[in-house]
Each structure stands twice: as structure tokens, then as C-alpha cells.
Amino acid sequence: MSYYRFLLRSLQPSVTKCLTKPNSSLPPLSFALGSSRSFAFSSAEEAAAERRRRKRRLRVEPPLGSLRDPNTPRPILDPNAPRMPESTSALTGPRLNLHNRVQSLIRSGDLDSASATARQAVFSNTRPTVFTCNAITAAMYRARRFDDAVAHFQFFFRQTNIIPNVVSYNILINTHCDAGRVDTALDVYRHILENAPFSPSTVTYRHLTKGLVESNRISEAMDLLREMLNKGHGADSLVYNILMDGFIKLGNMEKALELFEELKERCEVYDGVVHATLMEAYFQKGTEKEAMDSYKELLGRQFNMNAVTCNTLLVVLMKYGKMNDALALFDHMLAAHKPLSFIAVNTDSYNLMINEYFRLRKIEEAIAIFKKTGPKPYVMDVGGYNNIIGKLCAEDGWVEEAEKLLDEMYTKSVKPNVQTFEFLIDAYFREGKMDAAIRCFNKMVNPPVETVKPTFSIFGTNVTSVEDLGMKTSVTFYNKVICGFVERERLEEAQEVLKRMAEKQVKPDLASYDCLVMALCKLGKLDQIRTLLDEMAKNEVALSPALHETVLNAFGKEGWREDVERVLQQRISNIHSSDSSAYVPQIQQVTA
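Being a predicted model, the structure only gives us computed values, none of them experimental. (Residues numbered from 1 in each chain as written. Predicted model: local features only at pLDDT ≥ 70, side-chain atom pairs only at ≥ 80, totals over all residues. Heavy atoms only, no water.)

## A word on the overall build of the chain
Helix and strand content of the chain: 30 helices and two strands. Burial status across the chain gives 41% buried among its 592 residues. Carbon and sulfur atoms make up 52% of the accessible area of the chain, which totals about 33,900 Å². (Helix = DSSP H or I, 4+ residues; strand = E, 2+ residues; numbered from the N terminus. Buried < 20%, exposed > 50% of the residue type's maximum accessible area, 1.4 Å probe, protein only. Areas by Shrake-Rupley, 256 points an atom, 1.4 Å probe, with all protein chains shown as cover.)

## Points about the nonpolar core
Membership of the largest hydrophobic core comes to 152 residues, with the highest contact counts inside it found for Phe-156, Leu-225, Leu-424, Phe-441 and Val-551. Apart from the residues within four sequence positions on either side, Phe-441 is in contact with Ile-425, Phe-477, Tyr-478, Val-481, Val-497 and Arg-500. (Core = buried A, V, L, I, M, F, W, Y, C linked by side-chain atoms within 4.5 Å. Contact = heavy atoms within 4.5 Å.)

## Structural notes on the environment of Ala-139
Relative to the helices and strands, Ala-139 is located in helix H6 (residues 130–142). Spatially, the C-alpha atom of Ala-139 lies 9.9 Å from that of Ile-171, the residues being 32 residues apart in sequence.

## Overview of unusual backbone geometry
That bond from Pro-339 to Leu-340 is cis: its omega, 5°, falls within 30 degrees of zero. Its location among the elements puts Leu-340 in the loop between helix H17 (323–336) and helix H18 (347–359). Non-glycine residue Arg-361 carries a positive phi angle of around 65°. With respect to the helices, strands and loops of the structure, Arg-361 is situated in the loop between H18 and helix H19 (363–370). For Arg-361, a relative accessible area of 55% corresponds to the exposed category. Located in the positive-phi region is Ser-413, a residue other than glycine, with phi close to 60°.

## Section: the packing of aromatic side chains
Applying the stated criterion across every chain, the model contains 16 aromatic pairs. Centroid distance Phe-370 to Tyr-385: 5.1 Å. Interplanar angle 75°. Geometry classified as edge-to-face. Remark: Tyr-385 occurs in helix H20 (residues 382–394) and Phe-370 occurs in helix H19; sequence separation between them is 15 residues. Exposure remark for Phe-370: the relative accessible area of 7% places this residue in the buried category. By way of ring pairs, the aromatic residues Phe-123, Phe-153, Phe-155, Phe-156, Phe-157, Tyr-169 and Phe-198 are connected into one cluster. (Phe/Tyr/Trp six-rings, centres within 6.5 Å; stacked < 30°, edge-to-face > 60°.)

## A closer look at helix H8 (residues 166–178)
The terminal C-alpha atoms of H8 lie 18 Å apart, and with 13 residues this matches the ideal 18 Å at 1.5 Å per residue to within 8%. The buried count for H8 comes to ten of 13 residues, which makes it a mostly enclosed element. Considered for burial, the residues of H8 that qualify are Ser-168, Tyr-169, Asn-170, Ile-171, Leu-172, Ile-173, Asn-174, Thr-175, His-176 and Cys-177. On the buried face of H8, the contacting elements are H6, helix H7 (146–159), helix H9 (182–195) and helix H10 (202–214). By the N-cap criterion, in which a side-chain oxygen at the helix start approaches the backbone nitrogen of a residue two or three places on, H8 is capped by Asn-165, the distance to Val-167 being 3.2 Å. Gly-180 occupies a position one or two residues after H8 and carries a positive phi of about 85°. (Expected span 1.5 Å × (residues − 1). Polar contact = N/O pair within 3.5 Å; in protein donor to acceptor, adjacent residues only side chain to side chain.)

## Comments concerning the confidence of the model for the chain
Put simply, the chain has an average pLDDT of 82, and 82% of its residues get 70 or more. Counting interchain partners and residues more than four positions distant, the pLDDT-below-50 stretch residues 13–39 has six contacts. Contacts for the low-pLDDT stretch residues 449–469, under 50 throughout, to residues beyond four places or in other chains number 27 contacts. (pLDDT = per-residue confidence, 0-100.)

## What to know about a positive patch on the surface
Taken together, the side chains of Arg-51, Arg-52, Lys-55 and Arg-56 present a region of like positive charge at the surface. By the element assignment, Arg-56 lies in helix H3 (residues 44–60). (Patch = residues over 30% accessible without salt bridge, like charges linked within 9 Å, V, L, I, M, F, W, Y side chains within 5 Å. Salt bridge = Lys/Arg side-chain N within 4 Å of Asp/Glu carboxyl O. Lys, Arg positive; Asp, Glu negative; His and termini not counted. Charge placed at Lys NZ, Arg CZ, Asp CG, Glu CD.)

## Overview of helix H5 (residues 111–121)
Taken as a whole, H5 has its buried residues at Leu-111, Ala-114, Ser-115, Ala-118 and Ala-121. Within H5, the buried residues cover an arc of 135° as seen down the axis, which keeps them to one side. Summarising the contacts, the buried residues of H5 are in contact with helix H4 (93–107), H6 and H7. (Arc of directions from axis to C-beta.)

## Side note on the packing of helix H25 (residues 491–503) against helix H26 (residues 510–523)
One way to put it is that H25 packs onto H26 with a least axis distance of 11 Å and a crossing angle of 145°. Considering only the axes of H25 and H26, their crossing is left-handed. Listed contacts from H26 to Leu-491, Ala-494, Gln-495, Leu-498 and Met-501 of H25 are Ser-512, Tyr-513, Leu-516, Ala-519, Leu-520 and Leu-523. Of the residues contributing to the contact of H25 with H26, the split by class is nine nonpolar, two polar and no charged. (Axes fitted to C-alpha atoms, helices over the stretch in contact; angles between N-to-C directions. Left-handed = near helix turned anticlockwise from the far one by under 90°. Nonpolar A, V, L, I, M, F, W, Y, C, P; charged D, E, K, R; others polar.)

## A few points about the pattern of salt bridges
Taken as a whole, this structure holds 36 salt bridges when the rule is applied. Ionic pairing is found between Lys-322 and Glu-288, a salt bridge with its closest N-O pair at 2.2 Å. Here Glu-288 lies in helix H15 (residues 288–300) and Lys-322 lies in the loop between helix H16 (307–319) and H17, a separation of 34 residues in the sequence. The class of Lys-322 is buried, set by a relative accessible area of 17%. Through salt bridges with shared partners, one network takes in Arg-144, Asp-178, Lys-210 and Glu-214.

Below, the structure is given as C-alpha cells:
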């Protein structure tokens, strides 16, 4: 050891001399040391800021190990323990973006694209969360595509090893029950009990009870109720309501009332839907007094009933002519509505009242209900506007009121959709107001500039997103507008709508051309027919047999039937070969 110390002392003067000599071939000391390691930060200040940030984060979010009592031994993790499903904290970053993209496709009705997007993501770095998988499976169930819902559950949670949660199993159970496979649903329930790291929820028992009652297995549904209570679950009023409704339909009112008394003993607060079931039964028996007594008993308990419960009561009251009571309940809902803490009214509440007033031919009262608000106004959505606009457009003489509501949507920042304009355009066609139909169509494809909200500002200039500059509609809607103009002999407007399709990147189909070409053939306007046939060739749209014969007859009157028939046959072969460019000038050459 002493030898190495002597060696270092002897070498120190020479090393120092080399490092301090200006013309030395050795690099400066700081550079020599810096080249031996890679810095993570460009400056010392950034490194210090990062250290402070980490210390601050540890103070705010200490590691889980620091929260453990040092005297408590660390738990031994069981490698064979079942894996737990993901929590909502997994919905961040790219996985959240994927979830939102899938949800957008579901809301637009494109379930196949939503399914393909999620299934492809399984094999990428951004795997879908259990919540994304549940959204697709539930969408398939709501679309009554039961086999697809089961197949998606099998793919996501069996083949790709994503851990399902209780919602995943509930969707699967509900799917099997609605498809008439109650025994399979019960097998899924037993699988949860035996293998899942969680217990079934009350929603699980609701689905199973509903499936058993609808399958005329009410005794097994009663056994399931007792099993639910024995496992420590609370007395769910909706499970009781399903059983009560089943016994009422079997004519066993005494058993239904017995279950109702049991429910009141087990929980002081329950869902008011139970009273709606009893009221329905009393009204059907003709005992109106008992029905209203049950309703008054519910009101006397002064429950905070949500919008879904109140809507059920509204349906029963209006069904049996208790309009004054329904109106009083609706006023109570408006008064109790306190968003965001408590939602006592929703769009369905307004729609139920409005539909009933329209059924009674009280249109002015329906409009008054739509505009009625409480202390905390309810923000109506596009569905509520569409409901009343559609009802007004179906009535003679009320289209102007529907127009006012459309203008109100823009002032309330509610964006109309295709259905909104479809109601109005159909009404204009029915009443022969073609100019108004044109204005409405133009407002749909090119809304007023002042109604379009700027998405961002750059260099002091507001820039509007392309999607807001026009509503993207389906080819079906365009075809409906085209045929509407053709039926009223407004062919120029029909051709203008056809041109708008190309501007909005909507590919026309046979129906887009069929009625327009037929009308032009009747008028003998061969030049316009020739132009449309060229467009059909470019878009690779085949003629129907009826349209093919009509076109030949129209050109045959001028002596060009054989030549045009030859060109049309050539056109068919070009479409099959995906090379329609050769066809485009041929009709023009024949008829020139």
C-alpha cells in the first residue's frame, strides 16, 4: 500500500504540469473528465431543478414502502394469486386516446370499425384497457348482436389475456339472458364465484333475476334472491321489483305485496320504481284508489328520486290519464334539479311530457313544457330539440315554430345533426316550400359563419376546423333530397345537390343518379344524360336493368340506340376491369 502512495506522490507534479501547460497535447481537465461520462442534463441548473422536482414529488406522493410500518414484516406475495383487473388510472396517455377514438366510432354507429380498431391495438404497444373492451362488448349487446358480444368477450378476456372486471361479466350475463341462454348465464355467475378475485355485484343479480323471470323460472329467481342476501349483499330494490312484477303477471298479487313489505323492512330508502310497478298492477285491476294511495305513500317518504325513477312514474301516471299529477311531478323534478350534485330531470323527462301533449293535440302546451325550467335550468341536448322539431314538422302549420327552435339551437350552442335538418326538409317538401328546402339544405352543408365556433387562434386570426364548416352526411340523405327535388320537377336543384356530394367527398351510388336520369330521359335532355353517364362511369356505378333500358329508349328516339348500347356494354366490361377511363369520351363521340 505504501508503494502505491509513493507512486502517486511522484507522479502528481508531472500530471499537474501537463494539465496546466497551455500548449500541452492533453485536453483540459474538465473536458477530459466530461468525455468519460454522458451527462443527462445540458447544464447544472437543469440537474438541480430535476432533483428538486423529484424531492417534491416524493413529498407529495411518497412511495408505498415508506407508508409501511417498519415493525410489520413484508407480506409474501403469492405467485398463484389471481390477477386483478385494471383501475381507471390505466386510462391515461395513448390508451386514453385509443379509448376515446373507439367511443367516437361507437357513438357514430360504426361498431365494426370500433371493433377492428380495438382488436388491432391488442397486438400493438398501446393495448386497450378493460374499459375499452367493455365499451365495445356493451355496444354489440345494445345493437342486439349477441353472438358478436360473446365473441368479443372471448377474444379480449380469454385469448389476449386482458383481465375482465365485474362489468365485463355483467355484460356477458345480460347478453346470454336476453339471447335466451339463462343456463349459460348462470354458469358465468358460478365462474365468478369460483375463480374471480371479486364478488358479483347487485347488477349481476338484476340481470340473472330478470332472465329467470322471463324464462318462467321464478322459483329459481327467488332462490337467487335469498342467495344474494345470504352473501351479504343489501336488499336491492330493483331485484325485488323484477320479482314483484313477475308475480303480478302470474296473478299472485299477495306474493308481490309480501316481497314489498320485506323490502320496506330491510331498507328504509328504496327505488320508487317499485311503486310504479304496484301502481300499474292496481290500475290494471281497476282499483284506482289503491294505485294513487301507493303513489301518495311514495311522495310522503320524500325520497330524492333521480330522473330515471321519476320518468317511470311519469309513464304510469300519463298512461292512465293522471295528467295533473304527472305535471305536478314534473314541476317537482324541475325544482329538485341541482346539477351537478343531483340530477332530477333529463331529456327523456321532457320528451315524455311533450309526446303526451302532442298525443292529446295540445301543441301549445307541449311548446310551453319544452321552454319550462326550474331554479337550475336544464341544458337541453340535440336529442330533445330533435324530438319536438320532428313533432312540429309532422303537424300542419307548425313548421315556422320548428324553424325558430333551429335558430335557438345555434344561440344555445347546441349543434344540430342530420336528423334535425331531415325533419325540416321533409316538411318543406310536403308543403311545397322548395325555396325554404334549398335554404335549409345550404344551412346544413355550409352553416353560417357566425354559428361556427373557432377552434384556436394563430397570429391573431381565428381558425375554424374543417369539420365545423359543414356537416358530413350519408349518401342516403343526399339521395332523399335529390329524389325530393326530382319529384317536384326541380331538376336544376337536384343536379346542384349531386354536385355538392363531390364537394363534401360523399361518393354517390346508383340511387343518386337513378331518379334524376329517369326524369331527364322523359324530358329528352340527352346532353345532361350524357354528362351524368360519364360521372357514373368515373364513379364506377353500374346501371340497373330498368335504367339501362330507359337510357337506350331515350337515345333510340334520335337513332343512336345501337351505338349507345355498344358503348354501355363496353362500359360494363371497363367497370369489371376497374378501368373506366376509356369509357368517358365514348358517349360524347357517339352522340356528337
